[in-house]
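So you can see what is in the structure, the chains are spelled out below.
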Amino acid sequence: MEHGRTPTVPAASAAGAGNGVAGVAERARPGIADRALETLARSWRPLALLVACFAVWWAVSAARLVEPYLVPSPGSTLQVMRDKAGYIWHHGWVTTYETLLGFAIAVAVGVLAAVIMVYSSTVEKTLYPVLLFAQVIPKIAIAPLFIVWLGFGIAPKIVVAVLIAFFPVVISMVTGLKSVDPEMVQLSATMGAGPLQTFVKIRFPASLPHLFSGLKVAVTLAVTGAVVGEFVGANEGLGFVILQANGNLDTPMLFAGLIVMSLIGVVLFLLVEIAEKLLLPWHASRRGDAVTTTY
Amino acid sequence: MNEEVEQTVALAEGGGDAAAVDVDDVAVRFRTRKKDVLALRQVSLSVATGEFVAIVGPSGCGKSTLLKLVAGLLKPSSGAVRLHGDAVTGPRRDIGYVFQRAALLEWRSARRNILLQAEMRHMPSAAARKRADELIDMTGLRGFEDAYPHELSGGMQQRVALCRALLHRPPVLLMDEPFGALDALTREQMNIELNRIWRETGTTVLLVTHSIAEAVYLANRVVVMSARPGTVTEIIDVALPAERDYAETMGLEEFSSATTRIRRLLGAASGAE
């Protein structure tokens, strides 16, 4: 195919062809079975660890090393989860709802704040100390204040979730927007692009890998935020379930609440990771390369 | 291609006898908090339309600064820069720019990286695609146009950057050590192709390089610069035909006399440092 394209300079054409063949590294696209195997190969260790933890838990309770009212057996915990599935499901959904809403608001506000801060150093200098201050205040300490202000409804929980998830979003987005190759921005100027075009086509997509690493932290923190909000005053949600169970010394229910809460965090984290893979295939595939070369 | 050359020639004739690039007694001073650095002083250079001029000089002598002045990415502290007789006051759209690093967008395929130029300029998309195809053929990228940057070798990435810079048929092409990061063999191949592309497009080229052989093989004239504050030490005419066979050129008397002369000048410049 390289022949006859540049008949006037055969030497150049031949040289180009020679380089061209070696130019691309052919990457095999694995099939579904291969990928499943690969996933299994990658995840069996953490799974094994998890199983080991359950085994230890089971052994401890079966051998009666600890009184059952302090540490319930895995069996009784699962029993509670099955018997009170409707109850747990309802409160788990409330917590998930608060988490998602808080996370969404944190992402929207955080990304917007980051963009404004990157484009205006005055705003950055003004806003940054305030952000830092908001970050260092222990959320659990100000949560009661939100209950006073906003009542016992869903609002104070969302506010706490937003406050706690906001910071990693802003920091990662600012880092992402600032890490753009300055030569790329200069190139954009020679293309006659305005600031908006440069933002849409270059700066924003380039910042997404950074943003996603912040989102993964933020989504797990949002769960914590929602539960903290519930601890302070609520009649719904997993925080409420745990407080109730605690008050009744109902440790199986307490453990069930903890497990469901952790599951929510893990599932949301995985969802963000899947979104990253779908939206940034170029980034994920590059990282994949880096991982495989260390084997 | 011929059509293009004619266009460029017509442009030059239409614009009177104004040089494609005219740098007139330019000085650049960078102010930082701690010190003032004079990067360039008394630099004057005139490049005719269709000419290939290479700029060599020791590291930090302001070669890249000079290119950025021509592109309008930097403003001179004194003096003037003109493109086709037109004073440069801000970033110019009528140029193509190639950096040492290819500076490609990782999330775009080679073709879409090339077409970024068209999108930013709001060029009609059918014409832009046709032009991109021409360039893909011209630079030997055919077969790799749908590959992503991380799947391409350094040489291929730089070809993509070159296509992107040529997409809008810029009358002036500015290249800042475009092959500096490539291995020696790939670099030679790229030199041979750049010579061909220059002849086919008739573009005026300003090339900054560290390689004396590259400068002499490619250019009509080689500008030798002194160490900082950079200024033009000498401009050397390369008496070689436009079409140059690589191996043959290396053996020519004109080639070796020019490289020797430049090497002496650079030696003197760094010795005086």
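The numbers attached to residues start from 1 for each chain and follow its sequence in the written order. Lettering for chains starts from A, numbering for ligands starts from 1, and both go in the order in which the items are written. In keeping with the predicted nature of the model, local features appear solely for residues at pLDDT of at least 70, side-chain atom pairs appear and are counted solely at 80 or more, and the whole-chain, interface and lining totals rest on all residues. Side-chain figures throughout are based on the complete set of non-hydrogen atoms in the structure, without hydrogens or water.

In the nomenclature of an unreviewed UniProt entry, chain B corresponds to ABC transporter ATP-binding protein from the organism Nonomuraea aridisoli.

Asker: What's the story with the overall build of chain A in this structure? I'm lost.
Answerer: Secondary structure elements are defined from DSSP: runs of H or I of at least 4 residues count as helices, runs of E of at least 2 residues count as strands, and each element is numbered from the N terminus. Scanning chain A for helices and strands turns up twelve helices and zero strands. Along chain A, helices (α) and strands (β) appear in the sequence α-α-α-α-α-α-α-α-α-α-α-α when read from the amino end. Relative accessibility decides the category of a residue: with a 1.4 Å probe and only protein chains considered, values under 20% of the type maximum give buried, values over 50% give exposed, and everything between is partly exposed. Residue burial in chain A is summarised as follows: out of 295 residues, 41% are buried. What makes two residues a contact is simply this: any of their non-hydrogen atoms within 4.5 Å. Here the contacts in chain A between residues at least 6 apart in sequence split such that 74% fall between residues at least 24 apart.

Asker: Explanation requested: helix α4 (residues 125-138) of chain B in the structure shown.
Answerer: Every α-helical turn comprises 3.6 residues, leaving residues that sit three or four positions apart pointing alike. Residue and element names in this part refer to chain B. Every helix has an expected span of 1.5 Å times one less than the residues it contains. The terminal C-alpha atoms of α4 lie 20 Å apart, and with 14 residues this matches the ideal 20 Å at 1.5 Å per residue to within 8%. Taken together, the buried positions of α4 are A128, R131, A132, L135, I136 and M138. Projected down its long axis, α4 carries its buried residues within an arc of 160°, all on one side. Facing away from the buried side of α4 by more than 90 degrees, the exposed set consists of A126 and K130. Once α4 ends, the next one or two residues include G140, with phi positive near 75°. Along the arc lie the directions from the helix axis toward the C-beta atoms.

Asker: How should I be thinking about the pattern of salt bridges in this particular structure?
Answerer: Side chains bearing opposite charge may pair, as long as their charged atoms lie close to each other. Residues and elements named next belong to chain B. Salt bridges are defined as contacts in which a side-chain nitrogen from Lys or Arg sits within 4 Å of a carboxyl oxygen from Asp or Glu. Applying the stated criterion to the full structure yields 24 salt bridges over all chains. R221 is paired through a salt bridge with E51; the nearest N and O atoms lie 2.5 Å apart. Of the two residues, R221 sits in strand β9 (residues 221-225) while E51 sits in the loop between β2 (36-47) and β3 (52-56), which places them 170 residues apart along the sequence. No difference in accessibility class separates R221 from E51, as the two residues are buried. Between E145 and R111 there is a salt bridge whose closest N-O contact spans 3.7 Å. Remark: R111 occurs in helix α3 (residues 110-121) and E145 occurs in the loop between α4 and α5 (154-166); sequence separation between them is 34 residues. R111 sits in the buried class, given a relative accessible area of 17%. The network of salt bridges with common partners includes R111, D133, D137, R142 and E145.

Asker: Quick question: what am I supposed to make of the environment of V223 of chain B here?
Answerer: Residue and element names in this part refer to chain B. One can find V223 in strand β9. A C-alpha to C-alpha distance of 7.2 Å links V223 and V53, two positions 170 residues apart in sequence. The residues contacting V223, other than those within four sequence positions of it, are L45, V53, A54, I55, V56, V232, E234 and I235.

Asker: Please clarify how the environment of P171 of chain B should be interpreted in this entry.
Answerer: Note that P171 of chain B resides in the loop between α5 and β7 (172-176). Separated by 151 residues in sequence, P171 of chain B and A20 of chain B have C-alpha atoms that sit 7.9 Å apart.

Asker: Explanation requested: the packing of helix α4 (residues 85-119) of chain A against helix α7 (residues 155-178) of chain A in the structure shown.
Answerer: Packed helix pairs are specified by the crossing angle of their axes together with the interaxial distance, meaning the distance between the axes. All names here are of chain A. All axes here are fitted lines through C-alpha atoms, helices being fitted over the stretch that makes contact, and every angle between N-to-C directions spans 0 to 180 degrees. Interhelical geometry of α4 versus α7 gives an angle of 35° and a closest axis separation of 7 Å. As for the relative orientation of α4 and α7, their crossing is right-handed in sense. When residues are sorted by character, Ala, Val, Leu, Ile, Met, Phe, Trp, Tyr, Cys and Pro go into the nonpolar class, Asp, Glu, Lys and Arg into the charged class, and all the rest, Gly among them, into the polar class. Among the residues forming the contact of α4 with α7, the class breakdown is 21 nonpolar, two polar and three charged. What makes a crossing left-handed is the near helix being turned counterclockwise from the far one by less than a right angle; a clockwise turn instead makes it right-handed.

Asker: Whenever I open this one, the layout of surface pockets confuses me. Can you help?
Answerer: Empty space among the atoms becomes visible once a probe the size of a water molecule is rolled across them. A volume near 530 Å³ is recorded for the second largest pocket. Whether a set of points on the 1 Å grid over the protein atoms alone is a cavity depends on a 1.4 Å probe fitting there but being unable to get out, while an open set qualifies as a pocket with protein on both sides within 12 Å along at least five of seven lines; lining residues are those with an atom within 4 Å of a point. Together, 27 residues line the second largest pocket, and D181 of chain A together with R101, A103, L104 and E106 of chain B are the ones closest to its centre. For the lining of the second largest pocket, the secondary structure elements donating two or more residues are α9 (195-232) and α12 (281-293) of chain A together with α5 of chain B. Here the lining of the second largest pocket gets four residues from one element, more than from any other, and that element is α9 of chain A. Of the residues belonging to the lining of the second largest pocket, the class tally is 15 nonpolar, eight polar and four charged. Grid points are joined across faces, edges and corners, and a volume is the space filled by probe spheres set on the points.

Asker: Help me understand the packing of aromatic side chains in this model?
Answerer: Here a ring pair, both rings aromatic, is described through the centre-centre distance and the interplanar angle of the planes. All names here are of chain A. Only Phe, Tyr and Trp rings take part, Trp by its six-membered ring, and two of them pair if their centres are within 6.5 Å. Stacked means planes under 30 degrees apart, edge-to-face means over 60, and tilted covers everything else. One pass over the structure, following the stated rule, counts nine aromatic pairs over all chains. Relative to Y97, the ring of W93 lies with its centre 6.1 Å away and its plane at 40°, an arrangement referred to as tilted. Separated by four residues within a single helix, W93 and Y97 lie in helix α4, roughly one turn from each other. Ring centres of F146 and W149 lie 6.0 Å apart, and the angle between their planes is 70°; on these two criteria the pair is classed as edge-to-face. Residue F146 and its partner W149 are both found in helix α6 (residues 139-150); the two are separated by three residues, about one turn of the helix. W149 gets classed as exposed once you look at its relative accessible area, which sits at 58%.

Asker: Help me understand a nonpolar patch on the surface, please; the structure alone is not making it clear to me.
Answerer: All names here are of chain A. Residues enter patches when they are more than 30% accessible in relative terms and free of salt bridges; like-charged ones are connected within 9 Å and nonpolar ones (Val, Leu, Ile, Met, Phe, Trp, Tyr) within 5 Å. Only the protein chains shown count as cover for residues, and all accessible areas are computed by the Shrake-Rupley method using a 1.4 Å probe. Together, W93, Y97, L101, I105, V109 and I154 make up a nonpolar patch on the protein surface, roughly 520 Å² of accessible area in all. By the secondary structure assignment, I154 is in the loop between α6 and α7. Taking relative accessible area as the criterion, I154 reaches 33% and is therefore assigned partly exposed.

Asker: What is the right way to read the sheet that holds strand β8 (residues 204-208) of chain B from this model?
Answerer: Across a sheet, strands are paired by hydrogen bonds formed along the backbone, either parallel or antiparallel in direction. Residue and element names in this part refer to chain B. Strand pairing follows a simple DSSP-based rule, namely that at least 2 bridges must link the two strands. Across the sheet, six strands lie side by side as β6-β7-β8-β3-β9-β10; this open sheet has mixed pairing. Unpaired on one side and paired on the other, β6 (95-98) and β10 (232-237) mark the two borders of the sheet. The average undirected angle you get between the axes of adjacent strands in this sheet is 15°. Here β6 pairs with β7 via four bridges, running parallel. Residue I95 lies in a different strand from β7, and its bridge partner there is V172. In this fold α5 packs onto β6 and β7, with an angle of close to 165° to the strand it touches most, β6.

Asker: Whenever I open this one, the sheet that holds strand β1 (residues 21-31) of chain B confuses me. Can you help?
Answerer: Residue and element names in this part refer to chain B. What the four strands build is an open sheet, ordered β2-β1-β4-β5; its pairing is antiparallel. With partners counted over all chains shown, the strands left at the sheet margins are β2 and β5 (86-87), one partner each. Pairing geometry for β1 and β2, over eight bridges, is antiparallel. Paired with D22 across the strands is S46, a residue of β2.

Asker: How should I be thinking about unusual backbone geometry in this particular structure?
Answerer: With glycine set apart, most residues show a phi of negative sign, and most peptide bonds adopt trans. All names here are of chain B. Residue D25 is not a glycine yet carries a positive backbone phi of 45°. Residue placement: D25 occurs in strand β1. Taking the relative accessible area as the measure of exposure, D25 reaches 41% and is therefore partly exposed. One non-glycine residue with positive phi stands out, namely Q42, at about 45°. One can find Q42 in strand β2.

Asker: Sorry if this is basic, but what is going on with the confidence of the model for chain A here?
Answerer: The predicted coordinates should not be examined in detail at positions where pLDDT is low. Residue and element names in this part refer to chain A. By definition, pLDDT measures how confident the predictor is in each residue, and it falls between 0 and 100. In this model, chain A carries a mean pLDDT of 83, and residues with pLDDT of at least 70 account for 86%. In the model of chain A, helix α1 (residues 10-21) stands out as the element of lowest mean pLDDT, 40, in contrast to α4, which has the highest, 94. Every residue in residues 1-23 scores below 50 in pLDDT, and together they form 31 contacts with partners more than four places removed in sequence or on other chains. Note on residues 288-295: pLDDT under 50 across the span, and two contacts to partners over four residues away in sequence or across chains.

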